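One-letter residues, chain by chain:
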Number of protein chains: 2
Amino acid sequence: MGRTSTAKEKLIQSAIELIGTRSYNAVGVQELCDHSGVKKGSFYHFFPSKRDLTLEALDTMWNKFKELILDPIFNSDMSPVDKFSSLIKRSYEHQSSTKDCTGCVTGCGIGNLALELSTQDEIIRQKIEQIFEEWTQYFEDVIVDAINDGDLSVDTDPRSTSQAILAYMEGVSLMGKAFNDPGMISRLGEGMAQICISKIKTAAGEQVQRLA
Amino acid sequence: MGRTSTAKEKLIQSAIELIGTRSYNAVGVQELCDHSGVKKGSFYHFFPSKRDLTLEALDTMWNKFKELILDPIFNSDMSPVDKFSSLIKRSYEHQSSTKDCTGCVTGCGIGNLALELSTQDEIIRQKIEQIFEEWTQYFEDVIVDAINDGDLSVDTDPRSTSQAILAYMEGVSLMGKAFNDPGMISRLGEGMAQICISKIKTAAGEQVQRLA
DNA sequence: TATATAGTTTACCAACTAGTCAACTATAAG
DNA sequence: CTTATAGTTGACTAGTTGGTAAACTATATA
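Talk me through the relation of the copies chain A and chain B; I want residue IDs and the actual numbers.
Turning chain A through 180° and shifting it by 0.0 Å along the axis lays it on chain B, with an RMSD of 0.0 Å. Taken together, the rotation and translation relating the two chain copies correspond to the operation of a two-fold axis. When C-alpha distances to the rotation axis are compared across chain A, the minimum falls at A:Gly171, with a value of 1.9 Å.

Given below as structure tokens:
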């Protein structure tokens with residue numbers, strides 16, 4: 001009953017774009033409304049606060065990222081190393097085209113909010129923690145497979161290793177943003193598979209070849 | 001001539017504390033003044049803008065970090081691996097005690113500003129880029145030594161590798177902040193030396209031992 | 001001791017902040 | 001066709017933002 005609306009979706013999309021290229025605190029409710037062509041009264045009809053919009057934007061970002069990037073790569077039959085390198089390749093391409101449009105490397109939208117808001121908003125921090133938890137799960141599954149295939153030592157800790165890989169990805173994004181250079185992402189991304197290789201099974205020289 | 005003052009130093013210190021534990025945009029000039037017991041008029045006597053205070057705070061942070069952490073470690077006679085692991089250890093201790101005081105892991109003050117402001121303030125981005133450049137130089141020197149000592153392959157790229165190490169450190173800080181868990185820093189920090197080891201010289205198995 | 005000047009203080013500004021509210025309007029479903 | 005209701009609108013807070021201006025005061029130096 002009543003009328004239908006696309007205002008909510010437009011606001012979420014604007015939040016992803018504006019907060020994604022600047023920051024949470026640098027983008028106001030008014031600007032979000034102007035950008036999406038929604039009046040402020042409608043904003044507060046759909047979202048109790050700017051924080052709640054951000055929470056939903058975070059969900060949308062994460063779901064799109066899974067659907068468009070993570071699922072296709074990690075449900076494929078690529079080798080572990082190829083999975084990680086296509087992830088880096090996609091990340092490079094995205095940051096590269098963003099820079100062509102806006103002049104700026106914007107980095108990872110989730111990582112950006114993590115650093116800006118983790119100490120200020122416990123609910124947002126928890127949402128990001130949960131996203132990071134899901135994200136590392138993709139990596140963990142690959143690592144467990146690699147251990148079962150004998151490509152990684154049985155005493156590799158899949159959880160810590162997958163967290164380390166995510167940490168490295170986020171760090172590489174940060175450097176790309178700080179240097180405003182998408183090339184940084186592809187250059188540093190090459191080293192990603194190395195995060196696992198100290199836990200190589202036996203004849204290390206040969207295994208290093210297999211992974212890197 | 002005229003009177004002397006400690007207001008400037010107090011403002012810089014407050015900026016480091018307040019912006020460091022929250023964010024640039026979350027801390028206002030008034031709060032900076034209240035926290036340091038300086039009137040707003042005095043603020044603008046010393047700094048033309050909040051941005052300029054932040055630029056000076058960034059300088060002070062970086063100089064203290066060099067003096068207290070980087071110089072003692074990297075001018076010592078430790079092995080390369082020991083240098084990196086004491087850096088991680090110090091980082092863990094710092095984040096851990098910060099959490100005890102404030103309840104929050106605050107991460108790296110420079111990395112925080114990098115993600116928040118790189119797309120919004122080109123001058124601040126450039127200052128951070130320059131700090132990161134200096135920072136990686138410490139690592140690069142160690143890597144060059146390791147190459148000369150035969151511990152790393154001659155085709156290791158010292159610049160990319162040192163940038164990769166800084167990226168990993170920043171990423172680990174980000175994860176520590178996102179999970180609000182200082183333990184993350186020590187746990188993930190263990191894997192840091194692995195960033196270099198794929199470029200291991202010849203008998204990889206033996207070299208891995210030497211590094212990790 | 002005189003004084004130029006560095007530093008302090010107060011009151012102020014215009015613009016903006018997140019958020020409220022009540023009147024209004026279009027429409028989906030009975 | 002009716003009507004309950006989802007969505008829209010614009011005017012409105014109360015507080016905050018970064019920054020300004022001018023009068024005032026303490027003091028280092030000559």
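Give a description of the domain arrangement of chain A that names residues and reports values.
All names here are of chain A. For chain A, the assigned domains are domain 1 (1-54) and domain 2 (78-211). For domain 1 and domain 2, the distance between their C-alpha centres works out to 30 Å. Between domain 1 and domain 2, the residue contacts involve 8 residues of the former and 9 residues of the latter. Seen at the junction of domain 1 and domain 2, the total is 1 salt bridge. Two residues, Asp121 and Arg51, come together in a salt bridge whose shortest N-O distance is 2.5 Å. Counting only elements with at least two residues in the side of domain 1 that touches domain 2, the list comes to α1 (7-21) and α4 (50-74). Broken down by element, the side of domain 1 that touches domain 2 gets its largest block of residues, 3 residues, from α1. Residue composition of the side of domain 1 that touches domain 2, by class: 2 nonpolar, 5 polar and 1 charged.

Let's hear about the nonpolar core: which residues, and what values?
Burial of nonpolar side chains together is a common tendency in soluble globular proteins. If you look at the biggest cluster of nonpolar residues, it comprises 126 residues, and the most contacted ones within it are A:Phe132 and B:Phe132. Setting aside residues no more than four positions away along its own chain, A:Phe132 makes contact with A:Ile110, A:Gly111, A:Ala114, A:Leu166, A:Glu170, B:Leu174, B:Met175, B:Ala178 and B:Phe179.

Let's hear about empty space enclosed by the protein: which residues, and what values?
Within this structure, the stated rule accounts for 4 cavities of 30 Å³ or more. Of the volumes computed, that of the largest cavity is approximately 120 Å³. Taken together, 17 residues form the lining of the largest cavity, with A:Ile19, A:Gly20, A:Gly109, A:Asn112 and A:Leu113 sitting closest to its centre. Elements with a minimum of two residues in the lining of the largest cavity: α1, α4 and α6 (109-117) of chain A together with α6 (109-117) of chain B. Partitioning the lining of the largest cavity into residue classes produces 8 nonpolar, 6 polar and 3 charged.

Outline the interface of chain A and chain B, listing residues and values.
On the side of chain B, 46 residues touch chain A, which itself brings 48 residues to the contact. With both sides pooled, the region where chain A packs onto chain B buries about 4000 Å², and carbon together with sulfur makes up 69% of that total. When the buried area of chain A at its contact with chain B is split by residue, A:Leu115, A:Thr119 and A:Phe179 rank highest and sum to 17% of it. Along the contact surface separating chain A from chain B lie 0 salt bridges. Summed over the shared surface of chain A and chain B, the number is 10 residue pairs in polar contact (both at pLDDT 80 or more). Contributions of two or more residues to the side of chain A that touches chain B are made by α6, α7 (122-148), α8 (158-178), α9 (183-189) and α10 (204-211) of chain A. Among the elements that line the side of chain A that touches chain B, the one with the most residues is α8(A), at 13 residues. Classifying every residue of the side of chain A that touches chain B by side-chain character gives 24 nonpolar, 16 polar and 8 charged.

I'd like a rundown of the packing of aromatic side chains, residues and numbers included.
If you walk through the whole model with that rule in mind, you get 22 aromatic pairs over all chains. Judged by centre distance (5.8 Å) and plane angle (40°), the rings of B:Trp62 and B:Trp135 are tilted. Residue B:Trp62 is located in helix α4 (residues 50-74), and its partner B:Trp135 is located in helix α7 (residues 122-148); the two are separated by 73 residues in the primary sequence. In this structure, B:Trp62 and B:Trp135 share a single accessibility class: buried. Across from the ring centre of A:Tyr24, 4.2 Å away, lies the NZ or CZ of A:Lys50, which sits over that ring.

About the criteria used
Residue numbers run consecutively from 1 along every chain, following the written order of its sequence. Starting at A for chains and at 1 for ligands, labels are handed out in the order in which the entities are written. The predicted origin of the model limits local features to residues at a pLDDT of at least 70 and limits the giving and counting of side-chain atom pairs to 80 or more, whereas totals for whole chains, interfaces and linings rest on all residues. Only heavy atoms go into the side-chain values, all of them from the structure, while hydrogens and water stay out. All copies are superposed by least squares; the fitting set is the C-alpha atoms of residues with a pLDDT of at least 70 in both. In this entry, domain limits derive from an automatic or database-based domain assignment. A contact between two residues is defined here by any heavy atoms of the two lying within 4.5 Å. When a carboxyl oxygen of Asp or Glu is within 4 Å of a side-chain nitrogen of Lys or Arg, the pair counts as a salt bridge. Comment: elements are numbered from the N terminus, with helices defined as DSSP H or I runs of at least four residues and strands as E runs of at least two. When residues are sorted by character, Ala, Val, Leu, Ile, Met, Phe, Trp, Tyr, Cys and Pro go into the nonpolar class, Asp, Glu, Lys and Arg into the charged class, and all the rest, Gly among them, into the polar class. Here, nonpolar core means buried Ala, Val, Leu, Ile, Met, Phe, Trp, Tyr and Cys residues that are tied together by side-chain atoms lying within 4.5 Å of each other. Working definition: with a 1.4 Å probe on protein chains only, accessible area under 20% of the residue-type maximum means buried, over 50% means exposed, and in between means partly exposed. Any residue with an atom within 4 Å of a point lines the site, the site being either a cavity, points on a 1 Å grid over the protein atoms alone where a 1.4 Å probe fits but cannot get out, or a pocket, an open set with protein on both sides within 12 Å along at least 5 of 7 lines. Grid points are joined across faces, edges and corners, and a volume is the space filled by probe spheres set on the points. Accessible area, probed at 1.4 Å, shrinks when two parts are joined; the buried area is that loss added up over both. Any pair of nitrogen or oxygen atoms within 3.5 Å is treated as a polar contact; in protein, a donor-acceptor pairing is required on top of that, and neighbouring residues in sequence qualify only through side-chain atoms on both sides. To pair, rings of Phe, Tyr and Trp, with the six-membered ring standing in for Trp, must have centres within 6.5 Å; the planes then decide the type, stacked if under 30 degrees apart, edge-to-face if over 60, and tilted in the middle. We call a charge positioned over a ring when the NZ of a Lys or the CZ of an Arg lies within 6 Å of the ring centre and within 35 degrees of the ring normal.

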